[in-house]
Amino acid sequence: MKVLGIESSCDETGIAIIDTQTGELQQRLYSQIERHREYGGVVPELASRDHVAKAAPMIEELLGHYGGIEQIDGVVYTRGPGLMGALMVGASIARALAWSRDLPLLGVHHMEGHLLAPMLSDDPPEFPFVALLVSGGHTLLVDVEAFGQYRILGESLDDAVGEAFDKTAKLLGLPYPGGPELAALAATIKHTDLVFPRPMVDRPGLDFSFSGLKTFALNTMQKYSPLDPHKRAEIALAFEIAVVETLQIKCQRALKQTGHTRLVIAGGVGANTRLRKRLDVMTRKMGATVHFPALEYCTDNGAMIAYAGGLRLQAGQRDVDVHDVLPRWSLEDLPALAG
Ligand code: KG4
Ligand code: ZN
């Protein structure tokens with residue numbers, strides 16, 4: 001089955017075509033980052049307008065490359081969670097295409113896309129596993145028993161981890177999106193004596209809280225004001241170490257709690273080198289393994305939506321009387337995927 005996937009939940013327009021039999025994949029990605037940078041964050045209305053301008057021509061180009069819409073057997077799109085207007089653009093285009101040609105159509109959960117992105121690697125993880133989803137909008141630890149069988153073990157009670165990176169980076173005067181910028185600043189030095197708290201690690205459970213770290217960073221900046229370049233890098237490093245260690249402690253706890261021996265990382269923050277190294281060492285010590293998606297599949301993309309949606313279309317799922325998008329949508333509300 002050849003499936004066209006459309007991702008437009010935030011500030012990336014992602015288009016992909018996947019052949020569910022052969023795994024052959026082609027994709028196009030357009031990032032709006034430059035457009036939002038001057039505002040220091042994503043402006044929802046600008047995001048929607050940019051998806052309107054970019055999605056249709058990108059689909060046309062990719063379809064042209066593929067031999068036209070006649071080659072496509074199904075259409076999937078991100079139905080949520082995400083920005084209402086941005087989601088509406090992808091959903092409208094997907095529906096128009098599918099309805100006009102009477103093709104099967106399905107709305108996909110954005111986080112299921114992230115969760116299954118590691119399956120696109122050459123060495124995909126086997127089930128069951130613990131997934132750590134770390135993006136700009138979400139921080140989730142999920143027990144993944146099989147395709148479509150997800151149990152949320154823990155989540156952030158306030159800021160998502162990517163959001164904490166972005167906000168702290170902004171305080172440090174770094175451009176949006178601040179995560180990679182902050183990581184790069186931290187990497188300019190080897191050591192700091194500054195110690196940031198590891199939120200909620202002393203309590204049992206697997207929930208997270210990251211908003212206090214941003215405040216801690218602000219207080220530290222004020223304490224050392226005016227900041228010299230070295231102290232600025234130290235704050236970035238101390239923040240990054242605290243976040244990475246907090247994530248590592250909770251991942252370790254989740255592996256112990258579930259008895260699973262595989263950890264899968266997904267979402268934009270999964271691109272963080274310090275996190276990758278730390279989880280690699282931790283899992284090795286435990287006799288477990290950790291899987292990271294290729295960097296291009298860590299951040300938002302159309303391939304992960306085409307893949308997750310393709311699996312569900314193949315299992316016979318379809319949108320029935322669906323006309324909405326779901327800016328808020330829990331992973332646990334997804335139907336299981338038989339077979
Ligand atoms: O998954 P994603 O592309 O979009 C969402 O669905 O949110 O994640 C984007 C987030 C941003 O907050 C960005 O700053 C963060 O991932 N990020 C990083 C790194 N690369 C991207 N955070 C820390 N270190 C990185 N290397
Ligand atoms: Zn995402």
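About the thresholds
- Residues numbered from 1 in each chain as written.
- Chains lettered and ligands numbered in written order.
- Predicted model: local features only at pLDDT ≥ 70, side-chain atom pairs only at ≥ 80, totals over all residues.
- Heavy atoms only, no water.
- Donors = N, O, S within 2.8 Å, 3.2 Å for Na, K, Ca; no water.
- Tetrahedral: all angles 85-135°; square planar, octahedral: opposite > 155°, others 65-115°.
- Helix = DSSP H or I, 4+ residues; strand = E, 2+ residues; numbered from the N terminus.
- Buried < 20%, exposed > 50% of the residue type's maximum accessible area, 1.4 Å probe, protein only.
- Pairing = 2+ DSSP bridges.
- Axes fitted to C-alpha atoms, helices over the stretch in contact; angles between N-to-C directions.
- Phe/Tyr/Trp six-rings, centres within 6.5 Å; stacked < 30°, edge-to-face > 60°.
- Lys NZ or Arg CZ within 6 Å of the ring centre and 35° of its normal.

*Asks:* When you look at the coordination of the zinc ion (ligand 2) in this model, what are you seeing that I'm missing?
*Replies:* When a metal holds four donors in a tetrahedron, each ideal angle between them is 109.5 degrees; when it holds six in an octahedron, the ideal angles are 90 or 180 degrees. Distances from the zinc ion (ligand 2) to its protein donors, H110 (NE2), H114 (NE2) and D300 (OD), fall within 2.0 to 2.2 Å. Coordination geometry of the zinc ion (ligand 2): the 4 donor atoms subtend angles of 93 to 146 degrees at the metal centre, consistent with an arrangement described as irregular. Ordering the donors of the zinc ion (ligand 2) by residue number gives the pattern H-x3-H-x185-D. Of this pair, H110 and H114 both sit in helix α4 (residues 110-116), separated by 4 residues, roughly a single helical turn. For the pair H110 and H114, one class covers both residues: buried.

*Asks:* What is the right way to read the sheet that holds strand β5 (residues 105-109) from this model?
*Replies:* Hydrogen bonds between backbone groups are what pair the strands of a sheet, and the pairing can be parallel or antiparallel. Sheet architecture is open: 5 strands sit in the order β3-β2-β1-β4-β5, paired in mixed fashion. The sheet is open, and its two edges are formed by β3 (25-31) and β5, each paired on a single side. Sheet twist, expressed as the mean angle between neighbouring strand axes with direction ignored, is 20 degrees. As judged from the 6 bridges shared by strand β1 (residues 2-7) and strand β2 (residues 12-19), these two strands associate in the antiparallel manner. Counterpart to K2 in the pairing with β2 is D19.

*Asks:* Can you walk me through the packing of aromatic side chains in this structure?
*Replies:* Aromatic rings considered in pairs are described by the distance between their centres and by the relative angle of their planes. Applying the stated criterion across every chain, the model contains 5 aromatic pairs. Centre to centre, the rings of F127 and F147 are 4.8 Å apart; their planes meet at 75 degrees, and the pair counts as edge-to-face. Residue F127 is found in the loop between α4 and β6 (129-134), and its partner F147 is found in the loop between β7 (139-146) and β8 (149-155); the two are separated by 20 residues along the sequence. With a centroid separation of 5.8 Å and 15 degrees between ring planes, the pair formed by F208 and F210 is classed as stacked. Given a relative accessible area of 0%, F210 falls into the buried group. Every member of this aromatic cluster is reached through a ring pair, and the members are F127, F129 and F147. Across from the ring centre of F208, 5.4 Å away, lies the NZ or CZ of K250, which sits over that ring.

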